Structures are given as C-alpha cells and as structure tokens.
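Here is what each chain is made of, one letter per residue.
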Amino acid sequence: MPEFPFGKAPFWIMVVALVSGVALLVSSRRDDDQRRPDLVFATFAEQHYKAYLPVVKEFEQSRGVKVQMQLVDSRALESRLQSAIQVGADVPDMVELLTGSLGFFTRGPLEDVGFVDLTDRLKSTGLHDRLVTSRFGVWSSRGRIFALPHDVHPVALAYRKDILDELGIDPARDLTTWADFVRVGREQVTKDLNGDGIIDRYMIDLPSDGGDALPLLLRQRGGGLFDEAGNVTFDNEIAIDTVVWYAQQVEPPTKIAFPAGWGQNLATAMRDGLAVFYFCPDWRTWQFQTDVPSLAGKMHLMPLPAWEPGGRRTSSWGGTGLGITKACKNPELAWDFAMFLYYQKEELGKRFAQTYIIPPLKEAWALPEFQKEIPFYGGQKVGDFYASMAPQVPPEWVNAFTKNAEGKFREAFNNTRVYYAENGDKGLREYATAELKRTADRVRLLMNRNVFLAQSKTELVDRSPDRALGVPPEHNRGAAPPQRSGGTPKPQDGAPTTGGAR
Amino acid sequence: MSTQAPPRPPAPVPAGVTETGVLGRQRYGVTLPPAGDAGGWQLRKRFTPYLFLLPYFLVTAVFFLYPVLYATVLAFYQTNGPHSREYVGIDNFLFVLRDPDFHTALKNTIVYAIFSVFLQLPLSLGLALLLNARNDRLKGFFRLAVFSPHLVGSIFVGVLFGVLFAPRLGLFNRGLQMLSGWGLEQEWLGNPALVMPALIIASLWMYVGFNMIYFLAALQNVDVSLVEAARIDGAGPLQVFWNVTLPQIKPVATFVVVTSTIGSFNLFELPYALLRGSAGPNNAGLTVVFYLYNNAFEAGDLGTGAAVGWLLTAIVLVISLAQIRLSGTGRDQ
C-alpha cells in the first residue's frame, strides 16, 4: 500500500473527518426520511409547552399530520428569529412571540414583515369580534394584525388578607381609588413595627426604577408610550401625572413601596409581610401559588384601585401572540392549527385550570373551570374575577422603537425620582415635564432618522388603523390628550395626582 | 546482450535532506516521495504548508474577514432585513458621535475600565504575591478557590449578584448592615449612583482570580538569585518588589493591563444579566457594547451597530497602543 504523502497524522485526521461527514450526512438523511413535520411550531414558555402537548397530539391524530413543537428560551427565540428573518434563513412555520417583540419585525415596509398579515382573515371568519379587541393592539402595525393573541393578562392586586383584616381595612370599601390606597398606605400600613428605625411593613411592592409597574399604571389611566398612530405620547399630561405620583411612592418621606423584586425575593417579602400588596396579572397567580404554598388562604385578589372614582380598575402586563411566518409552506394548515390550539372553547377551560391565564375568546369565560373557587386565594373564583376585568383591559401600541421608548421613559422617571428625593415636591412637576419632554423628543429623533419609517407613515395614512383593528373607542379613552403648553405648575400636596381623560 | 534499460540516476535529494533509505524519506515530519518523482515532490513541498493552513484561512475568511468587510459596508447603510437597504453615507457615525446615550455608554465604560485596571489588577497582584509567598499544601486549594468564580461565567455571576444585591433581603446588604449598621435598604441596582459600584464589585469577584493566575505565573519565573542578591545588599521587601520583582513581571503586567482594558471595553454580559436586560436606571449600566447591542439587535439597525463597532475598535486600538508605548514593553527587549 503506497504511503500517504503527508504522513500518518494528516491521514488519520482526514479519515476521521470523512467518516464524521458521511455519518452526519447519513443520519440527517435518515431524519428526513423518518417524516418531515408538516408544521414546525416554536414557543418560549414551558408552561405553554406542557399545556399544548395534548392538544398537539390531538391535532395530529385528527388531521393526520405531524407537528413539531420546539421549546426555546424567549431571548434565544427572539434573537434567532430576528437574525433568521433578517438574512432570509430557515424559520419555523409558527412562532409564539412575547409582547413588544413584534416591533422589531415591523420596522420596515409592511411587505418586509416576516409574518403573514392575518387582518382580513380575522375579519372574514368573524373571529375578530369574538376576541377581546384591545389585545390586537400589541400584535399590530399600521392597522394590520400579524399575530393572534393568546391571552388577555388583566392586572389585579394580590394582597395579604390576614394583615388587612388585622388592621381593619376592607379593600372593597377603603381602597377603591389610588388616592385612598396611598392614604391608607401612609397612615395605617407602612410602619416601623419594632421601633428600630427601619420600616418593617410597606403597603406595596413597586420596583424603584419603574420597571413594569410604571408603564402598567400609565396604561391603566389611558396613557402609553405611543398612540395608535405610532406617535410618541409619554410626555403628555397623563404620563407626567403618573411619573410624579410614582416617584412619591418609592422615595421618602412619602414612600409606601418596597422593591421586592422577583421570584424568591418577592415570595419572601410577601411571606414575611414586608409588602402587603403586589401587582398580580393572571399569569402570576399560578406562579405565586406554587412559590409560596404556606400563604394558602391568606392571599386575596382585588381589582386595581381606579385613578378616578368609577374609572378603569385594571391594566395589562405582558402577553403572547402566535404568528405565522411567511416562510410557512402551508398557511392553511397553520391557520387550522392556530384555531385548534388557541380558540377551541372546551380546551381553553382545561388550559385555564393549568395556568390561570385568561384567554381572549370571550365565550370561553363561561366554562365551569372559570367559576372554580381557588383555596389559595381564600376561595375566590379566580377565573371569573379576571374574566370580569378582561373587557376593560387597555390596548397597548408597540412599534420598532418601543424598547427605546421604554428606556427613555424610565430614564425620565428615574431623574424625577432622584429630584424628588433631593428636593421634595418643590418644582417636581416642572422637572418631570421637562425630563419627559427631553426623553420623548429623543425617541422622536430616533424615529425620524429611520428612513423606513417614513414609508411606513405613508402606509399608515392610507390604511386608517381605527377601521382595520376595530378597537372600540372606549379602549382609547384618555390616550394622548393635547399637551398643556408651558408646563403649568400643579399643586403638590403629597396626594396622588390624577389626570387623564377617564 | 542485455535488453534491460540502463538504471536511472538517483533522484536529487532536496537541500538539507540526507537520504538514508526509508527512514531518511520520513524525516522532518513529512514523507519523501519515492525516487524518480522530483518535480511532483517539489510542487507538493511548496504547497504542503498552505494546504495545512487552508482550513484556518477558510475559517478566518468566513467568520472574520467577511464579517469585518461586511460590517464596514453596513456602517454606511440603514438596513431592514435582507431586502431593504438605504445608503446613508457617514450619517451612522455622525449620529453615534452626537448621541448622548453613546456619550453615557462611553463614560460608563471608561469608568469601569479605570476601576478594572486600578482596583482589580492591584488586588490580583496582591493575591498572587500572597499565594507565591506561601509554600504549603493549601496553596493549590487557595489558587482554585480564588480562580473558580471565573469558571462559572458572567451570566451566572450577574444572576447571582442580582440576588445578593437585593435590598433588605440580599446577603450583601445584610452583611453591610451587620458590619456597619448601614446598607440594609440600599438599592444597588435601582439607584443610578450605585449601579456602577455594583458592577465593579461583581466584576472584582469574577476577574481578580483570573488575572491573579497570570501574575502568579510571572512571579514564579522571577529570578530568585536576583531577589536574594538584593536582600543581601540590604533591600527591604518593598524595595525588592519595586526594583527586582516588578521589572521582571513587567511584560506580563503589561499584557494583563492591555487585555483587561480590552475586556472592559467589551463589557456586556455582566450588566445585561445583573440588570435583567436593561441598562439600569438612567442608563447607569449602559456600556458601549450594550449600546451597540441595543441599536443593532433591539432596534434592528445593523448599520448603526456596525458604526459603533468600528468606533469601539478604534478606541480600543488607540488605548492599547498607548498602554504598550507608555509601559515601554517593546523597548525593553
């Protein structure tokens, strides 16, 4: 046998490389032959994945098709999908997206959006009107809907009922507005119980930097980072009021909030009674029940206090949507699967029992699972409770600059918070007004710089989003009122400022 | 009469190779060809090194050169996916240079880099000196204990310190309260003034041990006879360190300073994990790479991201060259 000209080592390296390559080729061919899935569906939530497993199996049996479900971390899913769509690489047929992420994909002209436009189909099938229409906002761009809402995510307050009972506070009677809430929080709840100079009990868990709570409160009173037409609105009166109010709750001397954080930190704070209330969207009810079983029976849920008597008692926090990518070879099957997965009425009852997440299909709320009393929450009918708030959930409008806007809004808030900590109420409102104006202008500058958005705006004018989405006017009450010129000072007395159009 | 052809003359042996049968043909890691194939051998000899280097060049071309060239082109465009691209000239560079957020990111990064060099490295060197002075069985254990935080990775460190820094409930604040009667309510990650100190503390835990290993390796190569000679001449410990040890570890120290500075300018994962994907209050945790990420991957503007990348490269290059020149490392040799 002639010798390999480059020696033994390169020979064996080459042999190993060749054998590995052939093995890889053969195994991938075998995978292909085993049966290609008819649909590839990616989700990021393990809770969803587990709940979908039996439904997927049922769909496969009834339709004689194969669906491959993939569980991918949300951050990885988002970034991979973004990259794949950017370069036109292979993507799943259907993807569950997190709220806010659609903005990235709708940065350019509508024809460049990597998802199938579902607007006409939603209308023609009548499904549009069977769902909570405000939930389409977060899945829309320029009046076109690119994903189906999985949930409503109304927000309530969860609280330690045993502590409130001890203090003689009845939430239904004493905490109907945020003004009441703050007054009770300052006078009765937030206390140094052992006299060591350290507060041992706070009224509510609020992140000091605003986190998700500040935008949530802004939405509750009809505000938002953007309006339906994509204009920046977080420097309007509603935003100024909300920012000022929030700063007063998280900084001394008027502080009633403790930043408990997430997961075990929040669980410990609630278990120890360090915070009495926390914001609890439907998805958090299940988590908390499993995180702190020792609080069973002591926890209760109540609607958010209103900003004005008779005003909206809920908001929204988070959300998932199901999009069909343009790469999908069988959009009909994908639509069929989406309907089977998301909007099969009977199935939604079972899924609620596993997740406590309110589906947007209104007719499902009458199912017996939604009427079940949950011992952890003192026997409250959790499903019925959240479903009753679902129609009030405000819309949320997103675009490619949502993340920029979130950061800038938070920046303005944090500067205001620091100002309040150093200077108190004097000049606080003027300062907040100026900061919000500065940061909002910054987002406007970024948006104006985007050459693709100029085209998008032309499309927006042509399409009239109101008609396309069919969001009832009551959902937009309070959104972006005309700005007050000159930032007229508003008296501050430590009480929450109110505003907005509700 | 013989019909056999006359024997061919032996093939010329390549320069520097002595032909000694089969063994001779296998010298120098390559197998020489059988006699009579001189032309082919010359050709193969010339191309063999390139053939071995080809995979490296291919990988470099695909994963380094092409992206670098493409990023250069991208920096002059606004993009939106594979189908939409608009030439904007140097607008991306001008925008970044005028952007207050970029100024904040640059300032934060420089502050972090300064602390990395002036706090982290002396600590690393101090620990290395301590470990080098010890000569017992626990030396290996201490070395591993100090180095091990680096093994867990910056995402883990970020998540871990996120819990440690929690107000009231976090171990860090509780420790501070116990030791000094202060700090229980401090919001390290919610207070703009405390975000950078929190980042620096977390990075100290992670990188001090890593840099210590370099210093320890350098210290172990210090010429003991010079140290002993200095001692005999009456030099104290500080004089020995300053005049004998430090000059000998200077090349390694320069390397550590340069790599730490470059690493500091590339800081991303730690603040990203520590601040849960945000840049923290008032962008207090925004670094240049974080800014790049936000522009390129959060907002989808790859062109601006590429422009930031080039600006970062230029900054790091200038600083690294300045450090090397100031330290005089090249001149010593």
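Residues numbered from 1 in each chain as written. Chains lettered and ligands numbered in written order. Predicted model: local features only at pLDDT ≥ 70, side-chain atom pairs only at ≥ 80, totals over all residues. Heavy atoms only, no water.

Q: I'd like a description of the pattern of salt bridges, backed by residues and values.
A: Tallied over the entire structure, the rule returns 28 salt bridges over all chains. Of the charged contacts in the structure, one is a salt bridge between Glu 347 of chain A and Lys 350 of chain A, with a shortest N-O distance of 3.4 Å. Of this pair, Glu 347 of chain A and Lys 350 of chain A both sit in helix H15 (residues 345–355), three residues apart, which is roughly one turn of the helix. A relative accessible area of 9% places Glu 347 of chain A in the buried class. Under the relative-accessibility criterion, Lys 350 of chain A is labelled partly exposed at 48%. Taken together, the shared-partner salt bridges connect Lys 408, Glu 411, Glu 435 and Arg 438 of chain A together with Asp 101 of chain B into one network. (Salt bridge = Lys/Arg side-chain N within 4 Å of Asp/Glu carboxyl O. Helix = DSSP H or I, 4+ residues; strand = E, 2+ residues; numbered from the N terminus. Buried < 20%, exposed > 50% of the residue type's maximum accessible area, 1.4 Å probe, protein only.)

Q: Can you break down the interface of chain A and chain B residue by residue, with the values?
A: How big an interface is tends to be reported as the loss of accessible area on association of its parts. Tallying the contact residues gives 47 residues for chain A and 49 residues for chain B. Taken together, both faces of the contact between chain A and chain B bury some 3800 Å²; the carbon and sulfur share is 49%. At the junction of chain A and chain B, the tally comes to four salt bridges. Connecting chain A to chain B are 13 residue pairs in polar contact (both at pLDDT 80 or more). Per-element tally for the side of chain A that touches chain B: the top contributor is helix H17 (residues 402–423) of chain A, with nine residues. Looking at the side of chain A that touches chain B, its residues break down into 21 nonpolar, twelve polar and 14 charged. (Contact = heavy atoms within 4.5 Å. Buried area = accessible area lost by both parts, 1.4 Å probe. Polar contact = N/O pair within 3.5 Å; in protein donor to acceptor, adjacent residues only side chain to side chain. Nonpolar A, V, L, I, M, F, W, Y, C, P; charged D, E, K, R; others polar.)

Q: How would you sum up a nonpolar patch on the surface? Please name residues and give values.
A: Residues and elements named next belong to chain B. Together, Ile 110, Ile 114, Phe 115, Phe 118, Leu 119 and Leu 123 make up a nonpolar patch on the protein surface, roughly 560 Å² of accessible area in all. Within the element layout of this structure, Phe 115 appears in helix H4 (residues 100–133). Exposure remark for Phe 115: the relative accessible area of 39% places this residue in the partly exposed category. (Patch = residues over 30% accessible without salt bridge, like charges linked within 9 Å, V, L, I, M, F, W, Y side chains within 5 Å. Areas by Shrake-Rupley, 256 points an atom, 1.4 Å probe, with all protein chains shown as cover.)

Q: Quick rundown of the sheet that holds strand E7 (residues 155–160) of chain A? Include the residues and the values.
A: Residue and element names in this part refer to chain A. With respect to topology, five strands assemble into an open sheet ordered E9-E8-E10-E7-E11, the strand pairing being mixed. Because the sheet does not close on itself, it has two edges, and the strands there are strand E9 (257–258) and strand E11 (299–303). As defined by bridge partners, E7 adjoins E11 across five bridges and the pair is classed as antiparallel. Bridging across to E11, Ala 158 finds its partner in Leu 301. (Pairing = 2+ DSSP bridges.)

Q: Can you explain the sheet that holds strand E1 (residues 39–43) of chain A? Please cite residues and give values.
A: Hydrogen bonding along the main chain pairs the strands of a sheet, whether they run parallel or antiparallel. Residue and element names in this part refer to chain A. Pairing within the open sheet is mixed, and its five strands lie in the order E2-E1-E3-E12-E6. Of all the strands in the sheet, just strand E2 (67–71) and strand E6 (148–149) have a single pairing partner and so form its edges. The sheet contact formed by strand E3 (residues 94–98) and strand E12 (residues 320–324) spans five bridges and is antiparallel. Opposite Glu 96, over in E12, you have Leu 322 as the bridge partner. Its contacts with the sheet place helix H2 (residues 46–63) against E1, E2, E3 and E12, and it is angled at close to 175 degrees to E2. (Axes fitted to C-alpha atoms, helices over the stretch in contact; angles between N-to-C directions.)

Q: Tell me about unusual backbone geometry, residues and numbers included.
A: Across the junction of Pro 252 of chain A and Pro 253 of chain A, the peptide omega takes the value 10 degrees, indicating a cis bond. Topologically, Pro 253 of chain A is positioned in the loop between helix H11 (237–250) and E9. A positive phi is found at Arg 142 of chain A, a non-glycine position, where the angle reads about 50 degrees. By the secondary structure assignment, Arg 142 of chain A is in the loop between strand E4 (140–141) and strand E5 (144–145). One non-glycine residue, Asn 282 of chain B, lies in the positive phi region at around 55 degrees. Topologically, Asn 282 of chain B is positioned in the loop between helix H11 (269–274) and helix H12 (288–298).

Q: Please set out the pairing of E2 of chain A residue by residue, giving values where relevant.
A: When a strand is regular, its side chains alternate between the sheet's two faces. Two elements, E1 of chain A and E2 of chain A, share five bridges in a ladder whose sense is parallel. Bridged to Leu 39 of chain A within E2 of chain A is Val 67 of chain A.

Q: Provide a residue-level description of the pairing of E3 of chain A, including the pertinent values.
A: All names here are of chain A. Where burial is concerned, most of E3 is hidden: four out of the five residues are buried. The sheet contact formed by E1 and E3 spans two bridges and is parallel. Within the sheet, the bridge partner assigned to Phe 41 lies in E3 and is Met 94.

Q: Outline the nonpolar core, listing residues and values.
A: In summary, soluble globular proteins display a tendency toward joint burial of nonpolar side chains. If you look at the biggest cluster of nonpolar residues, it comprises 85 residues, and the most contacted ones within it are Phe 277 and Phe 279 of chain A. For this core, the element with the highest residue contribution is H11 of chain A, accounting for nine residues. If sequence neighbours within four positions are ignored, Phe 277 of chain A has contacts with Leu 157, Ala 158, Tyr 159, Leu 164, Leu 175, Phe 181, Met 203, Ile 204, Asp 205, Met 270 and Met 302 of chain A. By size, the runner-up hydrophobic cluster in this structure holds 69 residues, among which are Tyr 278, Tyr 343 and Tyr 386 of chain A together with Leu 169 of chain B. (Core = buried A, V, L, I, M, F, W, Y, C linked by side-chain atoms within 4.5 Å.)

Q: So, the packing of H2 of chain A against H15 of chain A: which residues are in play, and what are the values?
A: All names here are of chain A. Remark: H2 packs on H15, axes separated minimally by 10 Å, with the N-to-C direction vectors making an angle of 155 degrees. Relative to H15, the element H2 is oriented roughly antiparallel. Handedness of the H2/H15 crossing: right-handed. Here H2 contributes Gln 47, Ala 51, Tyr 52, Val 55 and Glu 58 to the contact with H15, which in turn contributes Glu 347, Arg 351, Gln 354 and Thr 355. A per-class count over the contact of H2 with H15 returns three nonpolar, three polar and three charged. (Parallel < 35°, antiparallel > 145°, perpendicular 65-115°, else oblique. Left-handed = near helix turned anticlockwise from the far one by under 90°.)

Q: Help me get a handle on the confidence of the model for chain A, residues and values and all.
A: Of all residues in chain A, 88% have pLDDT values of 70 or greater, and the mean over the chain is 86. Note on residues 460–502 of chain A: pLDDT is under 50 here. Beyond four places in sequence and across chains, it has 101 contacts. (pLDDT = per-residue confidence, 0-100.)

Q: Summarise the environment of Ala 166 of chain B; cite the residues concerned and give the values.
A: Here Ala 166 of chain B lies in the loop between helix H6 (154–164) and helix H7 (171–180). Using a relative accessible area of 8% as the deciding quantity, one classes Ala 166 of chain B as buried. In sequence terms Ala 166 of chain B and Leu 189 of chain B are 23 residues apart; their C-alpha atoms lie 8.0 Å from each other. What Ala 166 of chain B contacts, discounting residues up to four positions off in sequence, is Asn 265 of chain A together with Asn 173 of chain B.

Q: Kindly report on H15 of chain A, identifying the contributing residues and their values.
A: Residue and element names in this part refer to chain A. Considered for burial, the residues of H15 that qualify are Glu 347, Leu 348, Gly 349, Arg 351, Phe 352 and Thr 355. Those residues of H15 that are buried lie in contact with H2, helix H13 (282–291), helix H14 (331–342) and helix H16 (382–389). Tyr 356 occupies a position one or two residues after H15 and carries a positive phi of about 60 degrees.

Q: I'd like a rundown of the side chain of Glu 435 of chain A, residues and numbers included.
A: Residue and element names in this part refer to chain A. In this structure, Glu 435 sits in helix H18 (residues 428–449). Polar contacts involving the side chain of Glu 435 include one to the side chain of Arg 438, which spans 2.8 Å. Leaving out residues up to four positions away in the same chain, Glu 435 has contacts with Glu 411, Ala 412, Asn 415 and Thr 416.

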